[in-house]
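# Structural characterization, general
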Amino acid sequence: MPKKVLNNDLVKKYLEHIKNEKKVSEQTIKTYENIGKNIPFNLLSSQPTIIKKLKDLYDNPNTLQLYLNMIILVRKFNNEEVDKLIKFRNSLSDSIKQTRKDNLDKMDDKLPSLNHIKDSLDELTGIRYVINYIMINHGLRNKDLNLRFVKVLPEDKEENYIMQKGKNVILNINDYKTDKTHGTKEIKITNSKFLKELKSLNLNDGDYLIPMKNGNKISNIITFNDKILKLTIDRLGQNKLVKIVVKDLLNNKNFEKLDQISKDRGTSLEVLLKSYNLHNGNDKN
């Protein structure tokens with residue numbers, strides 16, 4: 001294949017291929033498209049050239065790995081060599097671990113205690129209480145919270161649903177980051193204030209918990225994430241809230257609750273303890 005083929009075309013053809021082969025998330029498609037637009041060198045250049053260019057452009061090992069993942073996939077699709085790129089990607093592992101530890105250390109110094117979070121939660125009402133309660137007590141991601149209120153669960157469950165069942169609230173989560181691995185997640189919430197605040201929203205059957213102005217579902221990930229962030233306590237966002245919860249559970253050796261958070265979130269304990277554990281920084285104490 002001639003080397004002059006534009007990155008946009010290379011990425012577009014690759015994405016068309018994998019769309020036909022398997023389900024690809026909207027976020028993955030957007031990420032790959034953005035990479036194709038922004039990389040200032042051809043994806044079919046020689047491997048040493050690509051490695052040099054990437055090193056010159058990016059210091060963050062996570063960014064390097066993200067770009068390398070996409071470049072390797074596109075080159076494989078075009079029958080181009082990738083051995084040196086894979087070797088370089090593998091060498092980033094230690095740097096990524098150290099960067100994660102550094103970031104956890106910095107975050108640990110700045111984040112509030114779980115007591116502050118719980119006190120703040122008690123003062124909230126309406127949609128802010130509902131969203132923060134779910135994050136703090138069940139560790140759900142933003143995507144999980146794109147919930148549709150229903151009186152009866154539909155047979156074809158393609159979305160995420162919230163419904164009242166007696167004095168309880170049921171979350172039926174089908175569309176989330178690790179749904180291919182964990183399948184449908186069903187979570188029962190028995191908290192009386194949660195039910196009270198949910199009722200105060202006066203949702204009708206089929207309404208979205210956080211809708212667009214016209215009532216439709218928010219399909220744009222960035223827009224939805226922005227709305228969620230503004231609703232969270234101190235604008236911490238779900239990622240930081242989960243880290244605060246995990247740290248407290250470990251401090252109190254509450255492994256039963258930690259296991260429940262792992263299952264509700266759809267994240268293995270290994271990942272939870274590695275990436276969401278503030279104790280996993282550089283401070284050995």
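## Some thoughts on the packing of helix H12 (residues 237-251) against helix H13 (residues 255-265)
Where H12 contacts H13, the two axes come as close as 9 Å, and the packing angle between them is 155 degrees. In terms of their interaxial angle, H12 and H13 are classed as roughly antiparallel. Relative to H13, the crossing made by H12 is left-handed. Judged by residue contacts, Gln238, Val242, Val246, Leu249 and Leu250 of H12 engage Phe255, Lys257, Leu258, Ile261 and Arg265 from H13. Residue composition of the contact of H12 with H13, by class: seven nonpolar, one polar and two charged.

## Considerations on helix H3 (residues 47-57)
Counting along an α-helix, one turn takes 3.6 residues, and residues three or four places apart therefore face a common direction. Of all the residues in H3, the buried ones are Gln47, Ile50, Ile51 and Leu54. Angularly, the buried residues of H3 cover 100 degrees about the axis, an arc narrow enough to put them on a single face. In H3, those exposed residues whose orientation departs by more than 90 degrees from the buried face are Lys52 and Asp56. Contact partners of the buried residues in H3: helix H4 (61-77) and helix H5 (83-91).

## Overview of the pairing of strand S2 (residues 160-165)
Relative to S2, strand S1 (residues 147-149) runs parallel, the two sharing three bridges. Residue pairing in the sheet places Arg148 in a bridge with Tyr161 of S2. Note: S2 against strand S3 (residues 168-173), five bridges, orientation antiparallel. Bridge pairing in S3 links Met163 to Ile170. Counting the residues that bridge the hairpin from S2 to S3 gives two residues, and of these Gly166 lies at a positive phi of roughly 70 degrees.

Procedures and definitions
Residues numbered from 1 in each chain as written. Predicted model: local features only at pLDDT ≥ 70, side-chain atom pairs only at ≥ 80, totals over all residues. Heavy atoms only, no water. Axes fitted to C-alpha atoms, helices over the stretch in contact; angles between N-to-C directions. Helix = DSSP H or I, 4+ residues; strand = E, 2+ residues; numbered from the N terminus. Parallel < 35°, antiparallel > 145°, perpendicular 65-115°, else oblique. Left-handed = near helix turned anticlockwise from the far one by under 90°. Contact = heavy atoms within 4.5 Å. Nonpolar A, V, L, I, M, F, W, Y, C, P; charged D, E, K, R; others polar. Buried < 20%, exposed > 50% of the residue type's maximum accessible area, 1.4 Å probe, protein only. Arc of directions from axis to C-beta. Pairing = 2+ DSSP bridges.

Function cannot be inferred from these measures alone, as they are strictly geometric.
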